[in-house]
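# Structural features, examined
Listed below are the residues making up each chain.
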Amino acid sequence: MSGATARPWWKDAVCYQIYPASFKDSNGDGLGDVPGILSKIDYLRDLGIDVVWVSPMFDSPQVDMGYDISDYEKVYPPYGSVKDMEDLIEACHQRGMKLILDLVVNHTSDQHAWFRESRSSKDNPKRDWYIWKPPRYAEDGNRLPPTNWRSYFSGQTWEYDEHTGEYYLHLFAKEQPDLNWENEATRKAIYDSAMRFWLDRGVDGFRVDVVNMYSKGVEFKDAPIVDPRFYEQPAWCYYANGPRMHEFLREMNAEVLKHYDAVTVGELPHTPDPSKVLDYVGASDKQLSMVFQFDIVDIGQGREHKYHFEEWKLPLLKGIVAKWQQFIDGTDGWTTVFCENHDQGRSVSRFASDSPAYRATSAKLLSLMLGSLTGTLFLYQGQEIGMINLPPSWPIDAYRDIESVNFYKTMAAQSQDDPAELDYVMRSLQILGRDNARLPMQWTGERHAGFTHGKAGPWMRVHDLYGEINVERQVREGEGSVLGFWRRMIAFRKEHAEVLVHGAFEGFGMGDEKTFVFGKKGAGGQRAAVVLNFSGEEQEVELPGYEGLVFRVGNYDDAAEEEKGVEAKSRKLRPWEGRLYLAGC
Ligand code: TEU
């Protein structure tokens, strides 16, 4: 349960992430755009959305789909203009909604004016705005990068610049040079260009990209060998949660955020220790409002390589949910509830069943789970209609994401196109790959799923099942659809926020590999019990010993007649069935 501290508006908010390239194309060029988002703002309001989070729409060469920004103060022209963004911000505010943007300030694009100056010469005033190091040399005289760190997008994190004879650091693509946060002038420029420019135009806050990677420390050491087949090794132990990280965030708060009452949600990978996460989200410490902790979305990722899928069992997911529900108990911290974003496979495919028989039931099961958990709730575009992963039949050339494509090429080269290795990689990408979240939003059953009407066709292939899974069809289906269920679940969550948004979580039978049973206790004696069957077979569950439980929400359409108003005991659950009971409400 969240501490008794004051309840800022964003704790009860339901947020919706939009990936601009794939949401809605308004001008027929095959790419989503800001006017396309504006055309759907009433759809989001009707869903019950309070906050719209727009992923990077800034000017960019699009090497990493906009997470490589070349001008923080300009909109990528195919997406629209600053005026279009001002219209979108205004439209949200007119409807009592808020809008947050992505704050991507660990790095810029190599096309950003700052980097162009920095790389022009060793004595350029902006040289120190990025991280430059001289080469090392092996005993045989071969030139080596300053460290053996592995990029998230495969290969090295250092790019050699012939012009000045030094390497620059890039944790991601070589086109994404890391900014040097040790330099105060750099930080001040970030605060002005990436933050105040948009806060002054009415933006209500930010989702902060890789919020724990800005303080790399000053000692660049080689990382331990994890995979001896490669020179490059994962090194987040050296650059995540670095020595000045909290100092930088306190400064960002004091210099900028607090003057606008802006909300922040930090993307916080590689931080499994709850006490370290609390260091970022304690309300009294004025750093971040909340964070996305990545344990749940990292489920199934390989230890050596993210895209070496590893089988997992339900207790792992249940333990992770419990951990990030309970870590704020008795503190002034806050947590988030999410299981999808633009970097993840679809939750129905990853955590439940995307079979024709059970994919809608599974989507509602996950909605019932997420809608009952404490914290600020985040949905990702398409999750509200139960969109699923791209089909296993799609070949690698249907994938567009730099992380997926680079990893496939790296493993093809390393294994000399070994069929078994490449099958493993393709299976892993089909389950975990970021492309799964970037297929065009499925609005209708017409061509290109109603995402675009232009001759150009969509920038990325539309899911084969768009005719069966789309907004228009589910609006027609009404309450029984996944969309109808999410609308009701969001409204129900808001109606019972005391126990569902703010209540204390307790798990039951946490070792069971088929079912997830948890309880919530809110102020004023309000209690909820949630029972979920995460299997394709009928299961028997014991409900927690909360007296006076009354059935309220279920993901089987006939559930309402069966038990409404009847006191619940133990009961059987049908495949992928979920049920929510309340007491004292
Ligand atoms: O993602 C960060 C990222 O990709 C890793 O930290 C990831 O979380 C890690 O592999 C653990 O799963 C952010 C953006 O969300 C992503 O789209 C960008 O590509 C990346 O930063 C660079 O800006």
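Thresholds applied
Residues numbered from 1 in each chain as written. Predicted model: local features only at pLDDT ≥ 70, side-chain atom pairs only at ≥ 80, totals over all residues. Heavy atoms only, no water. Core = buried A, V, L, I, M, F, W, Y, C linked by side-chain atoms within 4.5 Å. Buried < 20%, exposed > 50% of the residue type's maximum accessible area, 1.4 Å probe, protein only. Helix = DSSP H or I, 4+ residues; strand = E, 2+ residues; numbered from the N terminus. Contact = heavy atoms within 4.5 Å. Salt bridge = Lys/Arg side-chain N within 4 Å of Asp/Glu carboxyl O. Pairing = 2+ DSSP bridges. Polar contact = N/O pair within 3.5 Å; in protein donor to acceptor, adjacent residues only side chain to side chain. Domains from an automatic or database assignment. Near = heavy atom within 4 Å. Axes fitted to C-alpha atoms, helices over the stretch in contact; angles between N-to-C directions. Phe/Tyr/Trp six-rings, centres within 6.5 Å; stacked < 30°, edge-to-face > 60°. Lys NZ or Arg CZ within 6 Å of the ring centre and 35° of its normal. Disulfide = S-S within 2.5 Å.

### What about the nonpolar core?
If you look at the biggest cluster of nonpolar residues, it comprises 178 residues, and the most contacted ones within it are Tyr16, Leu44, Leu101, Met195 and Trp198. With eight residues, the top contributor of residues to this core is helix α6 (residues 184-199). For methionine 195, the contacting residues outside a window of four places in its chain are Leu103, Ile190, Phe206, Met252, Val256 and Leu257. Among the nonpolar cores identified, the runner-up in size contains eleven residues, and Ala529, Tyr546, Leu549 and Ala583 belong to it.

### With respect to the pattern of salt bridges
Inspection of every chain in the model, using the stated rule, returns 45 salt bridges. As a salt-bridge pair, lysine 126 and glutamate 117 come within 3.7 Å of each other at their nearest N and O atoms. Residue lysine 126 is classed as buried on the basis of its relative accessible area of 17%. With a closest N to O distance of 2.8 Å, aspartate 209 and arginine 207 form a salt bridge. With a relative accessible area of 6%, aspartate 209 lands in the buried category. When its relative accessible area of 2% is taken as the criterion, arginine 207 is described as buried. Residues joined in a network through salt bridges with shared partners are Asp64, Lys306, Asp343, Asp401, Glu403, Arg434 and Arg438.

### So, the side chain of glutamine 301
As for its placement among the helices and strands, glutamine 301 is situated in the loop between β13 (290-293) and α10 (314-326). On the accessibility criterion, glutamine 301 (18% relative accessible area) is buried. Excluding residues that lie within four positions of it along the chain, glutamine 301 makes contacts with Lys306, His308, Glu310, Gln344 and Leu432.

### A few points about the pairing of strand β9 (residues 158-161)
The sheet contact formed by β9 and strand β10 (residues 166-169) spans four bridges and is antiparallel. Within β10, the position partnered with tryptophan 158 by the bridge is leucine 169.

### Considering helix α8 (residues 245-255)
Those residues of α8 not exposed but buried are Met245, His246, Phe248, Leu249, Glu251, Met252 and Asn253. Contact partners of the buried residues in α8: β5 (98-103), α6 and α9 (274-281).

### Some details on the side chain of threonine 147
In this structure, threonine 147 sits in the loop between β8 (143-144) and β9. Within the structure, threonine 147 has its side chain in polar contact with the side chain of tryptophan 158 (distance 2.7 Å). The residues contacting threonine 147, other than those within four sequence positions of it, are Arg136, Thr157, Trp158, Phe220, Lys221, Asp222 and Tyr231.

### Re the domain arrangement of the chain
As far as domains go, the chain holds domain 1 (10-108 + 184-480), domain 2 (113-169) and domain 3 (503-583). On a C-alpha basis, the centres of domain 2 and domain 3 stand 56 Å from each other.

### Quick look at the site of the ligand
The local shell around the ligand holds 20 residues, among which Asp64, Asp209, His342, Asp343 and Arg434 are the closest. A distance of 2.5 Å separates an oxygen atom of the ligand from a polar atom in the side chain of aspartate 64. Measuring from an oxygen atom of the ligand, one finds a side-chain N or O atom of glutamate 267 at 3.0 Å.

### Notes on the sheet that holds strand β11 (residues 205-208)
With respect to topology, eight strands assemble into an open sheet ordered β13-β12-β11-β5-β2-β1-β15-β14, the strand pairing being parallel. The sheet is open, and its two borders are formed by β13 and β14 (336-337), each paired with just one other strand. As judged from the two bridges shared by β14 and strand β15 (residues 376-380), these two strands associate in the parallel manner. The residue of β15 that forms the bridge with threonine 336 is threonine 376. Lying over the sheet, α9 contacts β12 (263-268) and β13, oriented at roughly 145° with respect to β13.

### So, the packing of aromatic side chains
Describing an aromatic ring pair means giving the distance of the ring centres and the angle of the ring planes. Taken as a whole and judged by the stated rule, the model has 39 aromatic pairs. An angle of 75° between the planes, with centres 6.3 Å apart, marks the rings of tyrosine 152 and tyrosine 239 as edge-to-face. Here tyrosine 239 lies in helix α7 (residues 236-239) and tyrosine 152 lies in the loop between β8 and β9, a separation of 87 residues in the sequence. Given the relative accessible area of 1%, tyrosine 239 is considered buried. Put simply, the rings of Trp149, Tyr152, Phe153, Trp158, Phe172, Phe220, Trp236, Tyr238 and Tyr239 touch in pairs and so form one group of aromatic residues. In this structure, lysine 40 packs its charged tip against the face of tryptophan 443, placed 4.2 Å from the ring centre.

### Here's the deal with the state of the cysteines
Within this structure, the stated rule accounts for zero disulfides. No disulfide involves cysteine 339; its sulfur sits 14 Å from the nearest other cysteine sulfur, which is in cysteine 15. The class of cysteine 339 is buried, set by a relative accessible area of 1%.

### Some words on unusual backbone geometry
Although it is not a glycine, aspartate 261 adopts a positive phi angle of roughly 55°. With respect to the element layout, aspartate 261 can be found in the loop between α8 and β12. Residue tryptophan 576 is not a glycine yet carries a positive backbone phi of 60°. One can find tryptophan 576 in the loop between β21 (571-573) and β22 (578-583).

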